[in-house]
Amino acid sequence: MRKTGIVICLILSFIIIYLLQANFFTWFNLAGVKPNLFVILVLTIGLFAGKSMGATFGISFGIALDFFMSKSIGISGIMLGIIGFLGGYLDKSFSKDSRITIITMIAMTTFLYEIGVIAFNYFINEANIGAFYVLKTLVIELVYNSIITIILYPLIMKFGYRIEENFKENKILTRYF
């Protein structure tokens, strides 16, 4: 029952973030660039719930995001699925307790997401994108996501540990045979 409640909270978080992206951040963009809160959400799920949950939520959230906001379906699903899987992988390699580590992970995955989306659009949709535009978008979105991560860090950690205690099994052996 607790897992169902957390899944419902994650879906509600997705809806709230979608509404923020579609409405609120259109007013507060920097040079036409909005932050990507979906990367932060999916990375948090991957870090605290594991590879499979991160990839599952990443793919499903990405497909829903493409369905509502994009011209081509599947690009965000693939990239957010990779980020969710990568979040589960980074959980084993790095500590989640350091604010700098979380900010660095979010900056890296934001970079990966944007490069992946730009590459998919270039090869699949044959979009002609200038190098200056790509560099400007990357830098502004990296800074924007990092600042939002600094602001939301306590909420990310509190919600993340709640996810972790319900989705990850305890692998501590109580007896030795």
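The rules behind the values
- Residues numbered from 1 in each chain as written.
- Predicted model: local features only at pLDDT ≥ 70, side-chain atom pairs only at ≥ 80, totals over all residues.
- Heavy atoms only, no water.
- Patch = residues over 30% accessible without salt bridge, like charges linked within 9 Å, V, L, I, M, F, W, Y side chains within 5 Å.
- Areas by Shrake-Rupley, 256 points an atom, 1.4 Å probe, with all protein chains shown as cover.
- Salt bridge = Lys/Arg side-chain N within 4 Å of Asp/Glu carboxyl O.
- Helix = DSSP H or I, 4+ residues; strand = E, 2+ residues; numbered from the N terminus.
- 1 Å grid on protein atoms, 1.4 Å probe; cavity = no way out; pocket = protein on both sides within 12 Å on 5 of 7 lines; lining within 4 Å.
- Points joined across faces, edges and corners; volume = space filled by probe spheres on them.
- Nonpolar A, V, L, I, M, F, W, Y, C, P; charged D, E, K, R; others polar.

1. Focus on a nonpolar patch on the surface
Alright, step 1. A contiguous nonpolar patch, built from Leu135, Val139, Val143, Ile147, Ile151, Leu152 and Leu155 and spanning about 650 Å² of accessible area, is present on the exposed surface.
Alright, step 2. Tracing the backbone shows Ile147 in helix α6 (residues 131–167).

2. Some words on the layout of surface pockets
Alright, step 1. In this structure, the largest pocket occupies an estimated 770 Å³ of space.
Alright, step 2. Lining the largest pocket are 27 residues, with Asn36, Tyr113, Glu114, Val117 and Asn121 positioned closest to its centre.
Alright, step 3. Mapped onto the lining of the largest pocket, the elements with two or more residues apiece are α3 (51–69), α4 (75–93), α5 (99–124) and α6.
Alright, step 4. A per-element tally of the lining of the largest pocket places α5 first, with five residues.
Alright, step 5. Residue composition of the lining of the largest pocket, grouped by class: twelve nonpolar, nine polar and six charged.
Alright, step 6. Within this model, the second largest pocket holds a volume of roughly 390 Å³.

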